[in-house]
Structure formats: structure tokens, C-alpha cells
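Survey of secondary and tertiary structure
Single-letter residue listing:
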Amino acid sequence: AMQEVLLQDARNRGLDKEETFRLSMQQYYEQSLVKMLMDRRRKELKSEANPAEIDRYARFVNRKVLLTEFKINSPEERTSPALASGRVVTERFDWLPDNVRYAIFSLDPGQLTPALHQDGKEIVYRLDGIIMEPEGSKAVDRDAIQSFISGYKTTAAVQKWMADLKKASRIEIHLKD
């Protein structure tokens, strides 16, 4: 076919020996290898939501939540029980950002989320309460909840694996003279 003819001509001209071609192939190889590794690890680390998690999340659907938002200014404040005064937030659970919904659905009133990254800042939320009066008629879609929780759990497992791998790895960089 034509592709074979063009490949033969490129080799005859020595294009496959040029540095730019070699670097391009090396980058393609490395990117492909990393993509394969990430795809396989994501599949291996896939984590499904259990029925109790789905039930717990479903209790928030169509409800307003009372939260206190604390901006974190230093690493010590992340675990400090005496967080600076926060901003009180009353919002429909369904309208909160995904990462906030995931962080609070498993909390009981009075508990804090881990530090979340939002708009370049670290924020901790305290769940102060759930207003049980329905705020809408959105149907509880257990499959969507399952998918949402499973996606976050899998992503967290991949991120932990990558952090552990980074801690355990020793990378040597050899500079050419």
C-alpha cells in the first residue's frame, strides 16, 4: 500500500536516524507506556460504592445542608480543633461542587471534611445539619449515585497508589556532559 512505499522512502532518506525522529518516538513510547500503566492500575483499583454508601448519599438528595466553611491558611490548621471562625453556608446538597458532596455525604453533624482544594485555596467544611424538608423533586437515581461514589473512590485509590509510588521511588537523572 501507499503507506509502505512512503515508509520505505523515509528510511532510504535516513529520516528514521534523525535525532528529532528518535526523540519523538521516545516520547510516544513513554506516553504510551504510562497510559497503559494508568489504565491497568485504574482497572485494578476500581472501587464500587456499597449499598450503605448509596443509602447515606441518597438521604442528602433534595435536601439543604448547613455547613460551616473554614479557609485553611497553614498545614497546622488542617487538623486543629480550634479552627478560625468560618462562614456559614446553607445550600442545596445537589448544587454543591462534586468534591464537597463527596466529602460530606459520609459525615454526621459536627464532623469535618478533609482539606479540599477549591479556587487555589484549601477549605475544610463542618457539616452542621441537614434540613429534612425536601427542596425539590429530583428523583433519587441510585445508579448515578453508585457511579459518582465509585468514580471518586477509584480516583482516590489511584492517587494514593501514585503518592505511595512516589514516596518509594528513587529517580536518578543523568545529565550529559
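Residues numbered from 1 in each chain as written. Predicted model: local features only at pLDDT ≥ 70, side-chain atom pairs only at ≥ 80, totals over all residues. Heavy atoms only, no water.

1. Comments concerning the pairing of strand β1 (residues 64–72)
Operational definition: In this description, strands pair whenever DSSP reports at least two bridges between them. Helix and strand assignments come from DSSP, with helices taken as H or I runs of at least 4 residues and strands as E runs of at least 2, each series counted from the N terminus.
Direction of pairing for β1 relative to strand β2 (residues 87–92): antiparallel, over a ladder of 6 bridges. Considered in β2, the bridge of V65 is made with E91. With 9 bridges joining them, β1 and strand β4 (residues 121–131) adopt antiparallel strand pairing. What sits directly across from K71, in β4, is I123.

2. Regarding the nonpolar core
Going by this rule: Residues grouped as a nonpolar core are buried Ala, Val, Leu, Ile, Met, Phe, Trp, Tyr and Cys residues, joined through side-chain atoms within 4.5 Å. Here the term buried applies to any residue with accessible area under 20% of the maximum for its type, exposed to any over 50%, and partly exposed to those in between, with areas from a 1.4 Å probe on protein chains only. What makes two residues a contact is simply this: any of their non-hydrogen atoms within 4.5 Å.
Core analysis: the largest hydrophobic core is formed by 23 residues, its most contacted members being Y57, V65, L67, F93 and I104. Of all elements in the fold, only α3 (51–58), β1, α4 (98–104), β4 and α5 (142–168) reach the threshold of two or more residues within this core. For L67, the residues in contact, after removing those within four places along its chain, are R87, V88, V89, L96, V100, I104, Y125, R126, L127 and D128.

3. Some thoughts on the environment of I54
Position of I54 relative to the elements: it lies in helix α3. Using a relative accessible area of 7% as the deciding quantity, one classes I54 as buried. Here I54 is in contact with A49, R142, I145, Q146 and I149, once residues within four sequence places are set aside.

4. Examining a nonpolar patch on the surface
Heads up, the condition is: Patch membership requires more than 30% relative accessible area and the absence of a salt bridge. Residues of like charge join within 9 Å; the nonpolar side chains Val, Leu, Ile, Met, Phe, Trp and Tyr join within 5 Å. All accessible areas in this document rest on Shrake-Rupley with a 1.4 Å probe, and a residue is counted as covered only by the protein chains that are shown. Each reported salt bridge corresponds to a side-chain nitrogen of Lys or Arg within 4 Å of a carboxyl oxygen of Asp or Glu.
Residues M2, V5 and L6 make up a contiguous nonpolar surface patch of about 310 Å² in total accessible area. The residue L6 is located in helix α1 (residues 2–12) in this model. Using a relative accessible area of 51% as the deciding quantity, one classes L6 as exposed.

5. Overview of the sheet that holds β1
Applied cut-off: Here the axes come from fitting lines to C-alpha atoms, over the contacting stretch only for helices, and the angles between their N-to-C directions go from 0 to 180 degrees.
As summarised here, the arrangement of the 4 strands in space is β2-β1-β4-β3, forming an open sheet in which the pairing is antiparallel. Whereas interior strands pair on both sides, the edge strands pair on one side only; in this sheet they are β2 and β3 (116–118). Across the sheet, the mean angle from the axis of one strand to that of its neighbour is 45°, orientation sign disregarded.

6. Description of the confidence of the model for the protein
Here is the rule we go by: Note on scores: pLDDT gives the predictor's confidence for each residue, bounded by 0 and 100.
Per-residue confidence for the protein gives a mean pLDDT of 88, with 92% of residues at or over 70. Per-residue pLDDT, averaged within each element of the protein, yields its smallest value for β3 (85) and its largest for α3 (95).

7. Observations regarding the packing of aromatic side chains
We apply this condition: In this scheme Phe, Tyr and Trp rings, the latter by its six-membered ring, pair at centre separations within 6.5 Å, and the angle between planes marks the pair as stacked below 30 degrees, edge-to-face above 60, and tilted otherwise. The criterion is that NZ of a Lys, or CZ of an Arg, lies within 6 Å of the ring centre and within 35 degrees of the ring normal, and then a charge sits over that ring.
Counting across every chain of the model gives 8 aromatic pairs. Ring centres of Y102 and F148 lie 6.5 Å apart, and the angle between their planes is 65°; this geometry places the pair in the edge-to-face category. Separated by 46 residues along the polypeptide, Y102 in helix α4 and F148 in helix α5 bring together distant segments of the chain. Taking relative accessible area as the criterion, Y102 reaches 23% and is therefore assigned partly exposed. Among the aromatic side chains, those forming a connected cluster through ring pairs are Y57, F60, F93, Y102, F105, F148 and Y152. Here the basic side chain of R101 rests over the ring of F148, its NZ or CZ set 4.8 Å away from the ring centre.

8. Some words on the pattern of salt bridges
Under the defined criterion, the tally for this structure stands at 15 salt bridges. E53 is the salt-bridge partner of K153, the closest N and O atoms lying 3.0 Å from each other. Of this pair, K153 sits in helix α5 while E53 sits in helix α3, and the two are 100 residues apart along the sequence. You'll find K153 and E53 in the same group, each marked buried. For R56, the salt bridge goes to D108, with nearest N and O atoms at 2.6 Å. Taken together, the positions of R56 in helix α3 and D108 in the loop between α4 and β3 put the pair 52 residues apart, joining distant regions of the chain.

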